[in-house]
Structure formats: C-alpha cells, structure tokens
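Fold and geometry: a report
Residues per chain are reported as follows:
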2 protein chains.
Amino acid sequence: MRKIIVDTCGGDNPVAVIKGLSKTLKAVEDVILVAVGDKAQIEEVLAGEEFDRTRLEIVASTEVITNNDHPADAIMRKRGSSMVRGYMRLKTDEDCVAMISAGNTGALIIGGVVLLGRQEGIERPALATVYPTATQKWTCLLDCGANVDCKAHHLLSFAKQGAAYMSATYKIENPKIGLLSVGTEDEKGTALTKETFALLKESGLNFVGNIEGKTLLSGECDVIVSDGYPGNVALKSIEGISHAIVKIFYGLLKKNAGETSDFQFVNRALGEFMSTYDLNSLGGAVLLGVKKQVVKAHGSANENTVVNVVKQILRTLS
Amino acid sequence: MRKIIVDTCGGDNPVAVIKGLSKTLKAVEDVILVAVGDKAQIEEVLAGEEFDRTRLEIVASTEVITNNDHPADAIMRKRGSSMVRGYMRLKTDEDCVAMISAGNTGALIIGGVVLLGRQEGIERPALATVYPTATQKWTCLLDCGANVDCKAHHLLSFAKQGAAYMSATYKIENPKIGLLSVGTEDEKGTALTKETFALLKESGLNFVGNIEGKTLLSGECDVIVSDGYPGNVALKSIEGISHAIVKIFYGLLKKNAGETSDFQFVNRALGEFMSTYDLNSLGGAVLLGVKKQVVKAHGSANENTVVNVVKQILRTLS
C-alpha cells in the first residue's frame, strides 16, 4: 500500500496535525500514514481516537527544526529532527510516495535538494501553490517564495514544471501559462520578465503572455510563473486580501441588515466561503522538481489540512 | 484662486472625465479647473450642464498620447497633445498647483521628469497609491510600477517620499514604514530587500521591518515600500482580488438566501462596499518627487474619479 509521510513537528499546532492523522485515516482508504515526530505525544493525542491503527506507522524523532533555524545548517546538523528523518525514510522506502510538513520552508526546500535529490534537468526546485479562482477553476502559481533573484531560464523551468503538474493533477491538456508582470503589453516588464517572455514565446508551451496581479483569481491561466519575490507577494496578497475583504463586507452586511432581517443565510454563505477559500486548511504548496512529492503545509496547518493535502497527493497519483 | 489641470484625453472614457469637470465644480468650491483636450468635445459634453463656468478654463490640444505610444517618443514628439500642453501650463502658471491625467502612465512619468522637473535630491520620481484598509486607515504603497529594477537607494528615497506625503496629506506623525518582502523575519528577502532593509534601519525613519503581502490591507503600516514590480503586483492584486472575492461571496449569498429572505440589505452593503473600495473611482496614483503634484487617474476613470482626485489634491494643500 502507498505510504505518505507526515512530519508532525515544525508547524504551529503539532496536536492539530496529529489529530489530522486519525481524521485522514477515517476519510481516506488505501493509504498508510507514516507519522514522524514525538512518539509519546503522538500516542497520547491519538489514545482516545478510533481509527484503523494498522495504517499508521510512527517514527520517533528526537529534535525539531524550528522557523528560527538557519535552513541549511538545520538540515546538516539536526539529523534526528522529524524533517530529516522524514526525508531519509522518503528517500529509502519504495512504498513512500510523498511527505507533508508544516515546518521551516527553507529547510524543507534544501532538504528536498540535499537529502531527496532533484529530478534530472532541474536546477532549482520550485514552490507551487494551487488555489481556486472565481471561475471554479484551479490555478497554479509558482515560484511562491522558494527562489528569489531568479534568472530567466529558471522561470522557463518553473513554467515547464507547473504545466507538467497541472496536466498530471487536474488533467489539463496544454495548460495556459501566464507570466506575472507589471502590464499586459508584450513589451512591459522588468529586465527579468522581458527576457523570460522571449524564452516562453519560443518554448512550445501554451504561453498566453504577460498578466497582471488582477488576473491572479480570474481563472484565465492554469499556470502563473514568477520570480519568488513577486510570486510570494501575490500569494500572500490572495490570503490577506481575501480575509480583509470578507471581513469588511461582512461588517457592512451586519450594519445594513435590519433587526428583523434573516441573517442566517449570510453565516451559511460565510461558512461555505471559508471552507472553499481558506488557504490555511485548503492544502499546501508543492515542491516541484524533486524526486518524490513534497508538500509544504501552511505553518498554521490544522486537522483538515492533513486530510486535504493527503487527498491532493493521491489525486496526482491516480 | 488655485487651479488644477485636467487632461481630458488619454483615458478610456473622455466623456466621463469631461462630465466630471462640472460635477467637481458643483461639489468643490475654491478651485478653478483647467481642462486640456478637444475643445469642441468639451464644450459639447458640457453644453447642457449647469455649473459655475467662470471656474472652468479650456485649453485646446490637437493630438492625444495613447497607451500604445512609446512614452519617451510621445512626450518628445507629440507637442500638441493634451498631456504635453497640460505639463507646459503646469510648469509656467504659478496658480496651477496640480495636474490630473488618466493617460499613458509611462508618458506621464517621463513628462513629469522632462517637462516639469524633479524636486531637488530626487533621482527617480515614484508612483504612489493611497488606499483604504480594513481598519479604516489609509496606506500608501510605492512604487506601484513606474520604477522596476530598482536599487536599494531608490527604495530608501521612496520611503522618504511616501512618509512626507502621508505626513502632509493625512497629518500622520512619523509614519510607519514597512518593506514589502517574502517574509517578516529580518533576514528574509531578496538581495534588493536585504540591502534596503539595512538602509531603512539606519535612516531615522519609523521603519517597522519586513512585511508580507497579507499585511497590505491590514492598516499596520502607513507607507509600504517596494520595487515597482512586486509593488505593481500588490496593487493590481488588491484591485483584482477584491472584486473577485466580493463576486464569489455575493454569489454564495444569493445561493444561500431563501426565496423569502430580505436581500435588499445585501445590495445596500454591496453598494457601500463598491463606493468605498472601488479603486477605479477612488482616486489616483500620485507621482511623487516632481516639482508639482501630478495624479495618474485610473485608465477607466469616470466622473467620480475627477471629483475624488480633486478633493484628494486639495486635502494635501490644506
């Protein structure tokens, strides 16, 4: 049976991640979870839970890579950490298809390169986030912050990786690729985007040209390519702005509703919105270009995150 | 009396901009508008309108700088255009305090440097957008796309210009400055943001450190500084995501409302939201660092834009 490794340390809420293990095993069949972390804590949190214990393995780790650790140092020195032990297991166990971690992003990326290894032809693995748009379609944005100060050939590589992922996961033929820039006109952009534009035009990919930040949620592109700096700004904007706007609009709804107005449907709509567009629990960013699947869950990952990310991984394998 | 120049050409809706002239003169006292554009068109559109005609001057132009024109070429060659004639008037008429244009952004910036001139000590004028946040406070984001491939000393200069503008316009003492980056930790960022971080730290400005895209609408900073590429992505994200989110949420409200539910208050809330957060009509981006105020109105500027931008300019002068 396929195995997915879950690093239970490193995120803000290890207990929630551990609870996510049993929730996942109840929701998803046909997978074994390998939990790497504080063995005593994992056993304690799961003590009262009812689930198929034959599909849970526990691997004990002895230390944690925190967000304050220097990524490369931590990977080299903290050999007993959940992240390093998770990677070693992922590398050596044929049945293990993927790893999920809510830990230090930089360490996870460096571990992917150093401990797991890159796919052939990949210079820089990219961090990709797939999110739902206003048209119900999903869009893949990369790089989301793993690679800053990129060169044009890196962005070309990101485009290829993103297209391959969207083809494999969402069965999209010939995914539409947009280049995140400062205007839609061909000649607009920075030195980097102009050079990348020329490479993408010649690439044989389905390149639709420059796009602006306002197209991020429009669903017009399947893949949006960027250096990790504006890409991270875009991703964090989607998160922050979505929450701010819903908060503002909800406040206005409250203010405008009469005393006798039915407000229940507003709360139902809000609940539906949050469950569809909450990037926290929605899934995770995928590290593309390494030898097996590695998913970086949000630092504030909760029970649902684990369920959703496992489903996301299994979808790519079906 | 103070005069404000309005370039009536260049935007997507010259007729709406012209109608905005009379609307402004009805809403705002103590200002003369100098409309530069197609004289016959201006007179025709305003023929039936009732307003104080002694406070409107019309300057005829003979050509238009379009969005397809190369900015520098257009400023040098289209000497009869509304933008160039507007700038010449702004430069030479002491009573003229500001110019508004919805035209070609690049041409407006180059015109600001070449025709109007930079303030002393300013190497690159910056394009700043001031927008409302979730806490009702206003935040100034710069650069919004005028300057890409910046060096750290440019960003330091943007921070100083933004702080001075927010102090003058919103009477904020010692404005809080954030640096748009890929993480909040001091050591995160690109080569550019790291170097800028060090300069800002030593600058004597009220620098609060690195901020992420999710802080754009939180109101935590008065000024957010960035290279024009991520800055433009951030600004366009705010626009595009706000609209997408409201559209999605409105759809969910419709879906969840019962047949007998009162839906009027939802529409009232939506109307209020749109009038408060619609960047189109809200105002414009300010070109900072040139000798007089120049405001770039949104390409799709409408009647209300003119009213709002004139009010915005007068506020900085009070």
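What you are looking at is a predicted structure, and each value in this text was computed from that prediction instead of being measured. (Residues numbered from 1 in each chain as written. Chains lettered and ligands numbered in written order. Predicted model: local features only at pLDDT ≥ 70, side-chain atom pairs only at ≥ 80, totals over all residues. Heavy atoms only, no water.)

Now for the overall build of chain A. Regarding its fold elements, chain A presents eleven helices and eleven strands. For chain A, the C-alpha radius of gyration of 20 Å lies close to 20 Å, the compact-globule estimate for 318 residues. In terms of overall dimensions, chain A has a C-alpha envelope of 65 × 60 × 35 Å along the principal axes. Within chain A, the fraction of its 318 residues that count as buried is 59%. Approximately 12,700 Å² of chain A is accessible, and the part contributed by carbon and sulfur atoms is 49%. (Helix = DSSP H or I, 4+ residues; strand = E, 2+ residues; numbered from the N terminus. Rg over C-alpha atoms; globule rule 2.2 N^0.38 Å. Buried < 20%, exposed > 50% of the residue type's maximum accessible area, 1.4 Å probe, protein only. Areas by Shrake-Rupley, 256 points an atom, 1.4 Å probe, with all protein chains shown as cover.)

All names here are of chain B. One open sheet accounts for eleven strands, arranged β3-β2-β1-β4-β11-β10-β5-β6-β9-β7-β8; its pairing is mixed. The strands lining the two open edges of the sheet, one partner per strand, are β3 (56–60) and β8 (206–211). Here the average twist between neighbouring strands, direction ignored, is 25 degrees. The pairing of strand β5 (residues 126–132) with strand β10 (residues 284–288) spans four bridges and is classified as antiparallel. (Pairing = 2+ DSSP bridges. Axes fitted to C-alpha atoms, helices over the stretch in contact; angles between N-to-C directions.)

Moving on: the interface of chain A and chain B. Facing 49 residues of chain A, the contacting portion of chain B comprises 49 residues. Interface of chain A and chain B: buried area, both sides summed, is about 4,800 Å²; carbon and sulfur atoms make up 71% of it. Summed over the three residues of chain A that lose the most area to chain B, namely Y229, F249 and F265 of chain A, the buried surface amounts to 16% of that side. Summed over the shared surface of chain A and chain B, the result is four salt bridges. At the junction of chain A and chain B, the tally comes to 14 residue pairs in polar contact (both at pLDDT 80 or more). At the level of elements, α7 (191–201), α8 (228–256) and α9 (264–277) of chain A are the ones that each hand at least two residues to the side of chain A that touches chain B. When the residues that make up the side of chain A that touches chain B are grouped by side-chain class, the tally is 28 nonpolar, 13 polar and eight charged. (Contact = heavy atoms within 4.5 Å. Buried area = accessible area lost by both parts, 1.4 Å probe. Salt bridge = Lys/Arg side-chain N within 4 Å of Asp/Glu carboxyl O. Polar contact = N/O pair within 3.5 Å; in protein donor to acceptor, adjacent residues only side chain to side chain. Nonpolar A, V, L, I, M, F, W, Y, C, P; charged D, E, K, R; others polar.)

Turning our attention to the relation of the copies chain A and chain B. When chain A is fitted to chain B, the best match, at an RMSD of 0.1 Å, comes from turning it 180 degrees and sliding it 0.0 Å along the axis. In short, the pair behaves as if placed about a two-fold rotation axis. The C-alpha atom lying nearest the rotation axis in chain A is that of P230 of chain A; the distance is 2.2 Å. (Least-squares fit on C-alpha atoms with pLDDT ≥ 70 in both.)

Let's shift gears to helix α9 (residues 264–277) of chain B. All names here are of chain B. Over its 14 residues, α9 extends 20 Å from the first C-alpha to the last, a length consistent with the 20 Å expected when each residue adds 1.5 Å. Here α9 has its buried residues at F265, V266, A269, F273 and Y277. What you see down the axis of α9 is that its buried residues fit within an arc of 105 degrees, all on one side. Summarising the geometry of α9, the exposed residues directed more than 90 degrees from the buried face are Q264 and S275. (Expected span 1.5 Å × (residues − 1). Arc of directions from axis to C-beta.)

Turning next to unusual backbone geometry. D143 of chain A follows L142 of chain A through a cis peptide bond whose omega is 0 degrees. With respect to the helices, strands and loops of the structure, D143 of chain A is situated in the loop between β6 (138–142) and α6 (152–170). In this structure, K171 of chain B takes a positive phi of about 55 degrees despite not being glycine. Note that K171 of chain B resides in the loop between α6 (152–170) and β7 (176–180).

With that out of the way, let us pick up the nonpolar core. Of all hydrophobic cores here, the largest spans 87 residues; its most connected members are L216 and L253 of chain A together with Y87, L216 and L253 of chain B. Apart from the residues lying within four places of it in its own chain, the contact partners of L216 of chain A are Y131, T133, L141, L180, I224, A234 and I238 of chain A together with S237 and I241 of chain B. Core analysis: the second largest hydrophobic core is formed by 50 residues, V45, L56, A163 and L200 of chain B among them. (Core = buried A, V, L, I, M, F, W, Y, C linked by side-chain atoms within 4.5 Å.)

A word on the side chain of D7 of chain A. Residue and element names in this part refer to chain A. Summarising the element assignment, D7 is placed in strand β1 (residues 3–7). In this structure D7 is buried but unpaired, with K296 as the nearest side chain of opposite charge at 9.1 Å. Reaching out from D7, the side chain makes a polar contact with the backbone nitrogen of C9 at a distance of 3.0 Å. Side chain to side chain, D7 and S101 meet in a polar contact 2.7 Å long. In contact with D7, not counting residues within four places along its chain, are V17, V36, S82, M83, I100 and S101. (Lys, Arg positive; Asp, Glu negative; His and termini not counted.)

The subject of this paragraph is the pairing of β7 of chain B. Two faces make up the sheet, and in a regular strand the side chains alternate between them. Residue and element names in this part refer to chain B. Burial runs high along β7: four of the five residues are buried. Looking at chain direction, β7 and strand β9 (residues 223–225) are connected through three bridges and run parallel. Directly across from G178, in β9, lies its bridge partner I224.

Residues and elements named next belong to chain A. As a packed pair, helix α4 (residues 82–92) and helix α5 (residues 105–116) sit with axes 10 Å apart at the nearest point and diverge in direction by 35 degrees. Helix-helix and strand crossings are classified by hand; for α4 and α5 the assignment is right-handed. Taking contact as the criterion, the partners of M83, V84, Y87, M88, L90 and K91 in α4 are, on α5, A107, L108, G111, G112, L115 and L116. In terms of residue class, the contact of α4 with α5 is made up of nine nonpolar, two polar and one charged. (Left-handed = near helix turned anticlockwise from the far one by under 90°.)

Moving on, we come to the sheet that holds strand β3 (residues 56–60) of chain A. All names here are of chain A. Strand order in the open sheet made by the eleven strands is β3-β2-β1-β4-β11-β10-β5-β6-β9-β7-β8, with mixed pairing throughout. Strands at the two margins of the open sheet, each flanked by one partner only, are β3 and β8 (206–211). Each adjacent strand pair in this sheet contributes to an overall mean axis angle of 25 degrees, direction not counted. Contacts between α4 and the sheet are confined to β1, β2 (32–37), β3, β4 (96–101), β10 (284–288) and β11 (293–297), with β4 contributing the most and set at about 165 degrees to the helix. Against the sheet, α5 touches β4, β5 (126–132), β10 and β11, its axis set at about 170 degrees to β11.

As enumerated under the stated definition, the model contains twelve aromatic pairs over all chains in all. Ring geometry for F249 of chain A against F249 of chain B: centres 5.7 Å apart, planes inclined by 75 degrees, an arrangement best described as edge-to-face. Pair noted here: F249 of chain A is in helix α8 and F249 of chain B is in helix α8 (residues 228–256), and the two residues belong to different chains. There is no split in this pair, since F249 of chain A and F249 of chain B are both buried. These aromatic residues form a ring-pair network of at least three members: Y250, F263 and F265 of chain A together with Y250, F263 and F265 of chain B. (Phe/Tyr/Trp six-rings, centres within 6.5 Å; stacked < 30°, edge-to-face > 60°.)

Here the focus is the environment of L179 of chain B. Residues and elements named next belong to chain B. Position of L179 relative to the elements: it lies in strand β7. L179 sits 17 residues away from T196 along the chain, and the two C-alpha atoms are 8.2 Å apart. What L179 contacts, discounting residues up to four positions off in sequence, is L155, T193, T196, F197, L200, F207, G209, N210, I211 and V225.

Attention shifts here to the confidence of the model for chain A. If pLDDT is low for a region, its predicted coordinates should not be looked at in detail. Residues and elements named next belong to chain A. Taken residue by residue, chain A gives an average pLDDT of 92. The fraction at 70 or more is 98%. Taken element by element, the predicted model of chain A shows its lowest mean pLDDT in helix α10 (residues 279–282) (63) and its highest in β2 (98). As a predicted assembly, this complex carries a pTM of 0.86 together with an ipTM value of 0.83. (pLDDT = per-residue confidence, 0-100.)

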